[in-house]
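Topology and contacts: notes
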Amino acid sequence: VSGASPEPPLLEEQHREESLAARYGLLQRAGGIVAPLLTVVLAFLAGGVVVLITTGSLVKPFETYEAVFKGAGLNWFLPWEMCRDCPAALNLQQTLLIWTTLTLTGLAVAFAFRCGLFNIGGNGQYLIGSIAAVLVAGELTKAIDLPSVPLILLAVVVAMLAGGALAGIAGILKATVGAHEVITTIMLNWIVLWTGSYLFGVGGPFQSDVQASLPVSNDIAEKAKLSVWWGDPILQGLHIGFFVALGALVVYWMTLNRTTLGYEVRAVGHNPEAARYGGISVARNYFLAMAISGMFAGLAGALDVLGWKFRLDLTDIQASTVGFVGIAVALLGRNTAVGVGLAALLFASLQTGTSTRNLDPSIFPPELASNLTLIIQGLIILFVGADLIVLLALRRFRRRSVGSAAT
Amino acid sequence: MSRLPRGWRAVAWAGVLIGIFAALVSLPPIGARSPVFPIVIGLIAMTIGVGSWLRGERRVGIYAILAGLFGFGIGYLGTVSSVGKLEAVVVWGALFASMLRFATPLVFASLGGLFSERSGVVNIGLEGMMLMGAFFAVWGADVTGNWALGLVIGMLAGGLTALVHAFFSVSLRADQIVGGTAINFLALGITGYLFIDIYGTAGTPTDLSTIPDVNLDFLDSIPGVGDFLDDVFGQLNLLIWGAIVMVFVTWVVIFKTPVGLRIRSVGEHPRAADTVGINVYAIRYAAVTTSGVLAAAGGAYLSLGFVDGFGENMIAGRGFIALAALIFGNWRPFGLAAACLLFGFSSALARALQEYSTSIATLFEALPYVLTLIAVAGVIGRSIPPRAIGRPYVKQ
């Protein structure tokens, strides 16, 4: 192994570590809400053009977006549509279920971002949280009989610890041997994915007792299910986890802005060298930031299992992308609590609105529309990643024009 | 010859080989039925490992200990398993051929990643570029009726996707990981959209012109090892040979040509490269585009040479395994090829082990990721990335 000889740090090197978080920090101050909004508008325009090309009709893009809007139940907010049990309410419940998940996986990415770390492992942390919740609320109840509330709390806590521990591995590796967190979290994602497939796959140790031929877990105990406060429990109504996610947004804001831990995390995120000179342990904060991030994602997994999935099957495990959508949520939401909440609403609406269950197939085929959602998500991530540059260029341009006007 | 290991390192490598042999004694064609053999031989390997570890040869010493443990375990399992099952699972010729089939898409994508990352641009969009290659190769072969044109169209599609990545990460200086994530989403959406729009529920046509196999029947007539060679190499897809050739080509390009020197210098120290007159942006654009073309070739092999059709999200994480192989192989062509073979072998073994238990076979799929995690953790020989990786270059 070559190239390990110590050399004096280069000028570029000194700027290297601060780059990511500092750049996003700047973004927050510089762009305000205009840049993210522009990003979204651009992505939707591109999506509209795709619909236009496929259908060859000028009105179709508008009709499709209207159908997606209705499919997501967002028309419920229009005063003349507001009702308790109409289709709009049912659709909105689905959107808010997804919102709960995406808010938490978004926070999982955002918190690490504020410490200058890129947590791309939201998927694995979400999954290990789901697995833990299924095991506690399903398998453990066979051995120990716990009352409802302690059982739910136990499942949630174990899931959060599992998520936190998984992300913590990446944090420790970053802090001690400097292994890049993007690589380690990607690897951990896939390790959890295949472990989960093993646990609940056909022949696996925790595969269903009643459906021996299906790769699915046992259902969780009836008493472990979260109560539904809006809508019909049988029709996948909205469970109380919604408020937990709301609370998580508040906790996120409080931790970052009103605690010593949050101050240190942000300091490390802005400039690890400066933070170290200021007496802050960079290694400790890398670990803590990752672990807390993982806890948010683990919580998301637990709430999904206890709230509406009630079991895990192989498709859930292998096809889940919530962690990656979380990246989009955090980037678009500029890593702020309010931003994450709003961005999660956007992506949740898109996802529900284009699902086969909710999109009116006479307007636009849902199978196409769900892929359109992926395209729009991709475009938003692409544009968000680049808009800082556009902002910087604009600022430089403005400064230059001011400068030339002065001379 | 000067590069052969000496002293305790040589002893430790011998320990590794003995450990592997411990696994082999109980498998066909040797097929020892007494557990004593693998246990004793495995213990010898572990003793050698511990000995050389104590004498200062830590890295290979640990390899030897692990190989001893592995040989001990596999060898013991071999002796308790029935002969019939063993002979069904352990068919070396078929296993090696299957290993090559699984490794090929990984090799292409991983070589692609090598070009991009050696020039200093992280490429976690390999998965998406493979997917684009897989779809457009099928579409191209369907439209033109010719697999060669399909392959070219697929590779062009991958190259164009990579060009988007290059534009955002080199020209706009956006974060490269964010860009790669976006590429993966976009590719999934675009291929899924077009697949359903063009082919619908019927799927891709069954009469596609696919990449042919290369028939090497003459191998059979070689005395002694002829049968085995024929089983492994006799009936391989053309692109598998393409992958093997590409490993050598990449090694020559990266380490023996001026172009390779430029790519590496841009990835290690762009400022210095710029000072001597190398166009950093142009090199990075070219390297990233090459990575897309190669990754797409891997995808095209999957869709036109392996499963003969396209399915939504058919790459299923192979782009990330390729990334893992790149890191595991320490950003070197032969290193990554060895890693791809190892990962390919674990996939082949996982398929074969389904004879025993499908669930255990599933667990095997996690092996590449576990090994890579261990490798980046620095427990056994650190992986050292190019120095300027992930950093956009600002020309002054």
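Above this text is the structure in question.
Residues numbered from 1 in each chain as written. Chains lettered and ligands numbered in written order. Predicted model: local features only at pLDDT ≥ 70, side-chain atom pairs only at ≥ 80, totals over all residues. Heavy atoms only, no water.

1. A closer look at the overall build of chain A
- Across its full length, chain A carries 16 helices and two strands.
- Scored against the burial criterion, the 407 residues of chain A give a buried share of 55%.
- Pairs at least 24 residues apart make up 73% of the contacts formed inside chain A by residues separated by at least 6 positions. (Helix = DSSP H or I, 4+ residues; strand = E, 2+ residues; numbered from the N terminus. Buried < 20%, exposed > 50% of the residue type's maximum accessible area, 1.4 Å probe, protein only. Contact = heavy atoms within 4.5 Å.)

2. Looking at unusual backbone geometry
- Phi is positive for F310(A), which is not a glycine, with a value near 65 degrees.
- Examined against the element boundaries, F310(A) turns out to sit in the loop between α12 (282–309) and α13 (314–319).
- According to the relative accessible area criterion, F310(A) is buried, its value standing at 17%.
- Even without glycine at this site, W331(B) takes up a positive phi of about 60 degrees.

3. Side note on the interface of chain A and chain B
- Each side of the interface is counted separately: chain A has 55 residues, and chain B has 51 residues.
- For the pair chain A and chain B, the summed buried surface comes to about 4,800 Å²; carbon and sulfur atoms form 74% of the total.
- The largest per-residue losses of area from chain A upon contact with chain B belong to M187(A), W194(A) and L382(A), which jointly make up 14% of the total buried on that side.
- Inspection of the region where chain A meets chain B yields three residue pairs in polar contact (both at pLDDT 80 or more).
- The biggest single contributor to the side of chain A that touches chain B is helix α16 (residues 366–406) of chain A, with 15 residues.
- Among the residues making up the side of chain A that touches chain B, the classes are represented as 37 nonpolar, twelve polar and six charged. (Buried area = accessible area lost by both parts, 1.4 Å probe. Polar contact = N/O pair within 3.5 Å; in protein donor to acceptor, adjacent residues only side chain to side chain. Nonpolar A, V, L, I, M, F, W, Y, C, P; charged D, E, K, R; others polar.)

4. Topic: the packing of aromatic side chains
- According to the stated counting rule, one finds 32 aromatic pairs over all chains in the structure shown.
- Centre to centre, the rings of W99(A) and F242(A) are 5.3 Å apart; their planes meet at 50 degrees, and the pair counts as tilted. Placement of the pair is W99(A) in helix α5 (residues 87–114) and F242(A) in helix α9 (residues 241–258), with a sequence separation of 143 residues. Neither residue differs from the other here; W99(A) and F242(A) are each classed as buried.
- Centroid distance F135(B) to Y199(B): 6.5 Å. Interplanar angle 70 degrees. Geometry classified as edge-to-face. In this pair, F135(B) is assigned in helix α6 (residues 126–144) and Y199(B) in helix α8 (residues 176–199), connecting sequence segments 64 residues apart. The same class applies to F135(B) as to Y199(B), namely buried.
- Members of the aromatic cluster, joined through ring pairs, are W76(A), F77(A), W99(A), W229(A), W230(A), F242(A) and F243(A).
- The residue whose ring lies beneath K174(A) is Y286(A), and the NZ or CZ to ring-centre distance is 5.5 Å.
- Above the ring of F310(A), the side-chain terminus of K225(A) is found at 4.3 Å from the ring centroid. (Phe/Tyr/Trp six-rings, centres within 6.5 Å; stacked < 30°, edge-to-face > 60°. Lys NZ or Arg CZ within 6 Å of the ring centre and 35° of its normal.)

5. Quick look at the packing of helix α10 (residues 238–256) of chain B against helix α15 (residues 333–353) of chain B
Residues and elements named next belong to chain B.
- Between α10 and α15, the shortest axis-to-axis distance is 9 Å and the interhelical angle comes to 150 degrees. One element, α10, and the other, α15, form an angle in the roughly antiparallel class. Judged by residue contacts, V247, F248, T250, W251 and F255 of α10 engage P333, F334 and A337 from α15.
- Class assignment of the residues belonging to the contact of α10 with α15 gives a composition of seven nonpolar, one polar and no charged. (Axes fitted to C-alpha atoms, helices over the stretch in contact; angles between N-to-C directions. Parallel < 35°, antiparallel > 145°, perpendicular 65-115°, else oblique.)

6. Some details on the environment of I20(B)
- Position of I20(B) relative to the elements: it lies in helix α1 (residues 7–25).
- Sequence separation between I20(B) and F72(B) is 52 residues; the distance between their C-alpha atoms is 8.8 Å.

7. What to know about a nonpolar patch on the surface
All names here are of chain B.
- Taken together, L17, I20, F21, L24 and I30 make up a surface patch of nonpolar side chains, about 440 Å² in accessible area.
- Tracing the backbone shows F21 in helix α1.
- Overall, the relative accessible area of 40% leaves F21 in the partly exposed class. (Patch = residues over 30% accessible without salt bridge, like charges linked within 9 Å, V, L, I, M, F, W, Y side chains within 5 Å. Areas by Shrake-Rupley, 256 points an atom, 1.4 Å probe, with all protein chains shown as cover. Salt bridge = Lys/Arg side-chain N within 4 Å of Asp/Glu carboxyl O.)

8. Regarding the pattern of salt bridges
Residue and element names in this part refer to chain A.
- The final tally for this structure, using the stated rule, is eleven salt bridges over all chains.
- We note a salt bridge from K223 to D145, for which the minimum N-O separation is 2.6 Å. Highlighted residues: K223 in the loop between α8 (181–200) and β1 (228–230) and D145 in the loop between α6 (122–143) and α7 (148–176), separated in sequence by 78 residues.
- Relative accessible area serves as the criterion here: at 28%, K223 is assigned to the partly exposed category.
- Salt-bridge contacts for R311 lead to D219; the nearest nitrogen and oxygen are separated by 2.6 Å. Of this pair, R311 sits in the loop between α12 and α13 while D219 sits in the loop between α8 and β1, placing them 92 residues apart in sequence.
- Exposure remark for R311: the relative accessible area of 31% places this residue in the partly exposed category.
- It is possible to trace a salt-bridge network through shared partners that takes in E139, K142 and D209.

9. A short note on a negative patch on the surface
Residues and elements named next belong to chain B.
- Among the surface-exposed residues, D217, D220, D227 and D231 lie close enough to one another that they form a single negatively charged patch.
- In this fold, D227 is placed in helix α9 (residues 226–233).
- Of the residues examined, D227 reaches a relative accessible area of 53% and is grouped as exposed. (Lys, Arg positive; Asp, Glu negative; His and termini not counted. Charge placed at Lys NZ, Arg CZ, Asp CG, Glu CD.)

10. What about the side chain of T105(A)?
- Following the sequence through the fold, T105(A) ends up in helix α5.
- At 3.3 Å, the side chain of T105(A) and the backbone oxygen of L102(A) are in polar contact.

11. With respect to the side chain of R118(B)
All names here are of chain B.
- Positionally, R118 belongs in helix α5 (residues 92–118).
- It is E268 that comes nearest to the buried, bridge-free R118 among opposite-charge side chains, at 4.5 Å.
- In this structure the side chain of R118 is engaged in a polar contact, spanning 2.7 Å, whose partner is the backbone oxygen of W331.
- Beyond its immediate stretch of four places on either side in the chain, R118 contacts G113, F255, I263, R264, G267, E268, N330, W331, R332 and P386.

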